[in-house]
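Chain residues, written in single-letter form:
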Amino acid sequence: MSRPSLVEIAPAKLNLALHVRGRRGDGRHDLETIFAFCTDGDKLTALAADDLSLTITGPFAAMLDDGPDNLVHRAASALAAHARVGKGVALTLEKNLPVASGIGGGSADAGAALRLLTRLWGIDPAAAQEIAPELGSDVPACLLSMTARGTGAGDSLVLVDAGVADTPVLLVNPMLPLATRDVFAGWDGVDRGPLGDWREGRNDLEPPARALVPAIGEVLDWLEEQDGVSLARMSGSGATCFALFESEEARDFASADCPEEWWQMASFVR
């Protein structure tokens, strides 16, 4: 008899606004952000096994290493060690989202792995919450995968109602490489003030990201020109941008007209 598998979606992360307030002594940055998540993203499947293994499929599989440095692998190993679980798991990651693109990436996958394995191994979810910060600043938010205000390095979270649930959204990436560390290195160090109403906010990483990849500006200009857009902004450190739409019809019309050389995903905010 075949063993049942468990499936968990790793939803794409959106930073509705992202204010960089300063540099920290540990090399990270003090942030104020509103995290939101899409209904779509990568997909992680788990099957009980004697050993820990990871297989990567999907359109962006070739861009990832399936070895122990992969964040999914690291999350599974860390959770097993923390909870003293003497079990293995065969994990399959369907990589649908571009790598290193400002929408969660490995952090979303790691969060999905922690949620999935607490179910498979019967572990208290508090164990996943304890190890998530060790895996990366965005992993606690991606583990939660609910709309939240992030402060500190982005890992101090408070749930909020941003008023965007079920909003149609279109994500667009110009498919050009952009390293997070280079974007943060390009931030000018100016504190432009706290984050209040996220709709009146900004993404302080957009200027350095656009300096490195000017096509981000082209994507944002194109999104802002679409009918029915209420807001267009870059997510995280880029290069993915997103637009919130007034209707699903308007979003789908824009999606059909998106340049073929750009990656896109039509979804909804959770």
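From a predicted model like this one, the values you see are computed outputs, not experimental measurements. (Residues numbered from 1 in each chain as written. Predicted model: local features only at pLDDT ≥ 70, side-chain atom pairs only at ≥ 80, totals over all residues. Heavy atoms only, no water.)

1. Brief notes about the overall build of the protein chain
Now for step 1: Each helix and strand counted, the protein chain has eight helices and ten strands in total.
Now for step 2: The C-alpha radius of gyration computed for the protein chain amounts to 18 Å, which stays within 12% of the reference 18 Å derived for 270 residues, consistent with globular compactness.
Now for step 3: With the principal axes as the frame, the protein chain shows a C-alpha extent of 55 × 45 × 35 Å.
Now for step 4: Burial analysis of the protein chain (270 residues in total) assigns 52% to the buried set.
Now for step 5: Counting only contacts in the protein chain whose residues sit at least 6 apart along the sequence, the fraction spanning at least 24 positions is 75%.
Now for step 6: Here the protein chain has roughly 12,000 Å² of accessible surface; of this, 49% comes from carbon and sulfur atoms.
Now for step 7: For the protein chain, the separation between the mean place of its 22 positive charges and that of its 39 negative charges on side chains is 7 Å. (Helix = DSSP H or I, 4+ residues; strand = E, 2+ residues; numbered from the N terminus. Rg over C-alpha atoms; globule rule 2.2 N^0.38 Å. Buried < 20%, exposed > 50% of the residue type's maximum accessible area, 1.4 Å probe, protein only. Contact = heavy atoms within 4.5 Å. Areas by Shrake-Rupley, 256 points an atom, 1.4 Å probe, with all protein chains shown as cover. Lys, Arg positive; Asp, Glu negative; His and termini not counted. Charge placed at Lys NZ, Arg CZ, Asp CG, Glu CD.)

2. Comments concerning the UniProt feature "active site" (unreviewed entry) in the protein chain
Now for step 1: In the numbering used here, UniProt assigns the "active site" (unreviewed entry) feature to K13 and D138. Annotated residues spanning 126 residues; largest pairwise C-alpha distance 9.3 Å, indicating a single compact cluster.
Now for step 2: Within the secondary structure, K13 is located in strand β1 (residues 5-23).
Now for step 3: Contacts of K13, omitting those with residues within four sequence positions, involve F35, A36, F37, G102, I103, G104, D138, C142, S235 and G236.
Now for step 4: Mapped onto the fold, D138 is located in the loop between α3 (125-135) and α4 (139-144).
Now for step 5: Each residue touching D138, except ones within four places of it in the same chain, is listed here: K13, F35 and S107.
Now for step 6: Within the structure, the side chain of D138 is placed 3.2 Å from the side chain of K13, a separation counted as a polar contact. (UniProt positions renumbered as here; feature names shortened; annotations may be inferred. Polar contact = N/O pair within 3.5 Å; in protein donor to acceptor, adjacent residues only side chain to side chain.)

3. A short note on helix α7 (residues 215-225)
Now for step 1: Of the residues making up α7, those classed as buried are A215, I216, G217, V219, L220, W222 and L223.
Now for step 2: In this structure, the buried side of α7 is in contact with β7 (168-173), α6 (206-212), β8 (229-234), β9 (241-245) and α8 (248-256).

4. With respect to a negative patch on the surface
Now for step 1: On the surface, E218, D221, E224, E225, E260 and E261 cluster together into a patch of negative charge.
Now for step 2: With respect to the element layout, E261 can be found in the loop between α8 and β10 (263-268). (Patch = residues over 30% accessible without salt bridge, like charges linked within 9 Å, V, L, I, M, F, W, Y side chains within 5 Å. Salt bridge = Lys/Arg side-chain N within 4 Å of Asp/Glu carboxyl O.)

5. Focus on α8
Now for step 1: Burial in α8 covers these residues: A250, R251, A254 and S255. All buried residues of α8 fall inside an arc of 140 degrees around its axis, so they share one side. α8 presents E249, F253 and A256 as exposed residues on the side facing more than 90 degrees away from its buried surface.
Now for step 2: Structurally, α8 contributes buried residues whose contacts are with β7, α7, β9 and β10. (Arc of directions from axis to C-beta.)

6. A look at the sheet that holds β8
Now for step 1: Taking strand neighbours across the sheet as the criterion, the four strands line up as β8-β9-β7-β10 in an open arrangement whose pairing is antiparallel. A strand with exactly one partner marks an edge of an open sheet, and here the two such strands are β8 and β10. Direction aside, neighbouring strands of the sheet carry axes that sit 15 degrees apart on average.
Now for step 2: On top of the sheet, α8 reaches β7, β9 and β10; it is set at about 170 degrees to β10, its chief contact. (Pairing = 2+ DSSP bridges. Axes fitted to C-alpha atoms, helices over the stretch in contact; angles between N-to-C directions.)

7. Regarding the nonpolar core
Now for step 1: Of all hydrophobic cores here, the largest spans 36 residues; its most connected members are L44, V72, L79, L91, L114, L117 and W121.
Now for step 2: Within the residue set of this core, elements represented by two or more residues are β2 (29-49), β3 (52-57), α1 (71-82), β4 (88-94), α2 (106-121), α3 and α4.
Now for step 3: Of the residues forming this core, the biggest block, eight residues, is contributed by α2.
Now for step 4: Not counting chain neighbours up to four residues away, the residues in contact with L91 comprise L44, T45, A46, L52, S53, L54, T55, V72, A76 and L117.
Now for step 5: Counting residues in hydrophobic clusters, the runner-up holds 28 residues, among them L31, A209, A254 and W262. (Core = buried A, V, L, I, M, F, W, Y, C linked by side-chain atoms within 4.5 Å.)

8. Some points on the pattern of salt bridges
Now for step 1: Tallied over the entire structure, the rule returns 18 salt bridges.
Now for step 2: Between R251 and D252 there is a salt bridge, with the nearest N and O atoms lying 2.7 Å from each other.
Now for step 3: On the basis of relative accessibility, which here comes to 33%, the residue D252 falls in the partly exposed class.
Now for step 4: Through salt bridges with shared partners, a single network forms among R24, D26, R28, D30 and D155.

9. A few points about a nonpolar patch on the surface
Now for step 1: Residues L144, M146 and L159 make up a contiguous nonpolar surface patch of roughly 260 Å² in combined accessible area.
Now for step 2: Along the chain, the position of L159 falls in strand β6 (residues 156-159).
Now for step 3: By relative accessible area, which is 49% here, L159 ends up partly exposed.

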